[in-house]
Amino acid sequence: MSMISETEPPRLSVVVPVKNEAGNIEALVAEIGHACQSLAPFEVIYVDDGSTDDTLATLQGLRRKHPWLRVVRHDRSGGQSGAVRSGVLRARAPVIATLDGDGQNDPSFIPVLYAALEQGGAGVGLAQGQRVGRKGAWKQFQSRIANGVRGKILKDATRDTGCGLKVFRREVYLALPYFDALHRFMPALVTREGFGVVHRDVVDRPRFTGRSNYGMFDRLWVGILDLAGVWWLIRRRRPAPRAEDVPQSETR
């Protein structure tokens, strides 16, 4: 089955933000390609967020093997939300999937989330993964506190917004207000735009290699201002009027 077409636009664009993940790229690219066969034609867009290791060279080498792989590079690090945005802006498909580039998100759940989005119809804007089986009591404790605080304030009915596995409609994403850490608040903001959010459990895995750069401080305290800002945005939301073009009157 062809995974990319020169004439037919892809059904799905998979966006993967990475920074200094050279050791995790080859195996994950292969997994994504295998997982998305049933969704062909598709494309995979890796966004190198200012890496200083061999991330870019590894991706360039893999492009010869995988014609559906595209590479975007930031000249300096712009953060995970910035990398996701760069990928979405360049995506050609109407539906976007995202996952983290460290191997913790299992790509086999992409078709599950895609199906959940499509089954929900046009009124559903986001299928959000929610991790189960997370490794490490300390990591679970961090996420439980961060998600608990966020949930009480935003009431977004999402247990785990930090999960990188998401499938959403490109046009819905582009309607959201952009800011750093947007990816952690997508359920609340998608709901704000009047679209539904569906959830599916996904299995969390250990990183392939390397160590995470995120901890309690990043997950909660740095996001307090963002949390307050999203709360304000939700409270200030007004229903957008429907706009339609008025045809020009016929002249006789």
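Predicted model, so just to flag it, every value in this text is computed and none were measured. Every chain is numbered independently, its residues counted from 1 as its sequence is written. In view of the model being predicted, local features appear only for residues whose pLDDT reaches at least 70, and side-chain atom pairs are presented and counted only at 80 or more, with totals across whole chains, interfaces and linings using the full set of residues. Based on all heavy atoms of the structure, the side-chain values leave hydrogens and waters out of the count.

### As for the overall build of the chain
Along the backbone of the chain there are nine helices and seven strands. For the chain, buried positions account for 49% of its 252 residues. Residue pairs at least 24 apart in sequence account for 82% of intrachain contacts in the chain once pairs closer than 6 positions are excluded. A run of DSSP states H or I qualifies as a helix once it reaches four residues; a run of E qualifies as a strand once it reaches two. Both are numbered from the N-terminal end. For the exposure calls, accessible area comes from a 1.4 Å probe over protein chains only, and a residue counts as buried if that area is under 20% of its type's maximum, exposed if over 50%, partly exposed in between. For this analysis, residues touch if any pair of their heavy atoms sits within 4.5 Å.

### A closer look at the pairing of strand β4 (residues 95–98)
Residues V95 and A97 of β4 are buried on one face, and the alternating residues I96 and T98, pointing to the opposite face, are buried as well. Bridge count between strand β1 (residues 12–18) and β4: four bridges; the pairing is parallel. Bridge assignment links L12 to a residue of β4, and that residue is V95. The pairing criterion is simple: DSSP has to find at least two bridges between the two strands. Bridge count between β4 and strand β6 (residues 166–169): four bridges; the pairing is antiparallel. Note that in β6 the partner of T98 across the bridge is K166.

### Quick notes on the pairing of strand β5 (residues 124–132)
With respect to burial, β5 is a largely interior element, eight of its nine residues being buried. With eight bridges joining them, β5 and strand β7 (residues 196–203) adopt parallel strand pairing. Within β7, the position partnered with R131 by the bridge is V202. Looking at chain direction, β5 and β6 are connected through three bridges and run antiparallel. Bridge pairing in β6 links A127 to V167.

### Examining empty space enclosed by the protein
The gaps of empty space that remain are located by a probe, the size of a water molecule, rolled over the atoms. The rule is simple: put a 1 Å grid over the protein atoms alone, call a set of points where a 1.4 Å probe fits but cannot get out a cavity, call an open set with protein on both sides within 12 Å along at least five of seven lines a pocket, and count a residue as lining if it has an atom within 4 Å of a point. Grid points are joined across faces, edges and corners, and a volume is the space filled by probe spheres set on the points. Under the counting rule described, the total for this entry stands at one cavity of 30 Å³ or more. Along the walls of the largest cavity sit Q80, V84, T98, L99, D100, G164, K166, F168, Y173, H183 and M186, which together make up its complete lining. Asp, Glu, Lys and Arg are counted as charged, while Ala, Val, Leu, Ile, Met, Phe, Trp, Tyr, Cys and Pro are counted as nonpolar; the rest, among them Gly, fall into the polar class. Broken down by class, the residue content of the lining of the largest cavity amounts to five nonpolar, four polar and two charged.

### Observations regarding the environment of V167
Within the secondary structure, V167 sits in strand β6. Sequence separation of V167 and Q128 is 39 residues, and the distance between their C-alpha atoms is 6.7 Å. Not counting the four nearest positions on each side in its chain, V167 is found in contact with V95, I96, A97, I110, L113, Y114, L117, G125, L126 and A127.

### Concerning the packing of helix α1 (residues 22–35) against helix α2 (residues 55–63)
For the pair α1 and α2, the least separation of the axes is 8 Å and the interaxial angle reads 25°. Taken as axis vectors, α1 and α2 run roughly parallel relative to one another. In this structure, the crossing between α1 and α2 has a hand that is right-handed. Here A22, I25, E26 and V29 of α1 lie close against α2, whose contacting residues are T55, T58, L59 and L62. A class-by-class count of the residues in the contact of α1 with α2 yields five nonpolar, two polar and one charged. Interaxial angles span 0 to 180 degrees and are taken between N-to-C directions of axes, which are lines fitted to C-alpha atoms, for helices over the stretch in contact. Small angles under 35 degrees read as roughly parallel and large ones over 145 as roughly antiparallel, with 65 to 115 read as roughly perpendicular and the rest as oblique. Crossing handedness: left-handed means the near helix sits turned counterclockwise from the far one by under a right angle, and right-handed means the same turn made clockwise.

### Quick look at helix α3 (residues 80–90)
When we look at burial in α3, the residues that qualify are S81, G82, A83, V84, S86, G87 and V88. Looking at the buried side of α3, the elements it contacts are β1, β2 (42–49), β3 (69–74), β4, β6 and α6 (170–174).

### Remarks on the packing of aromatic side chains
Each Phe, Tyr or Trp ring, with Trp reduced to its six-membered ring, pairs with another whose centre is within 6.5 Å; inter-plane angles below 30 degrees give stacked pairs, above 60 give edge-to-face pairs, and intermediate values give tilted ones. Enumeration over the complete set of coordinates arrives at three aromatic pairs. Arranged with centres 5.4 Å apart and planes meeting at 25°, the rings of F168 and Y173 form a pair that is stacked. Comparing F168 with Y173, the two get one shared label, buried. Judged by centre distance (6.1 Å) and plane angle (45°), the rings of F179 and F185 are tilted. The pair formed by F179 and F185 is uniform in burial state, with each residue classed as buried. Remark: a charge is flagged as sitting over a ring if the NZ atom of Lys or the CZ atom of Arg is within 6 Å of the ring centre and within 35 degrees of the ring normal. The side chain of R85 reaches across the aromatic face of Y178, ending 4.7 Å from its centre.

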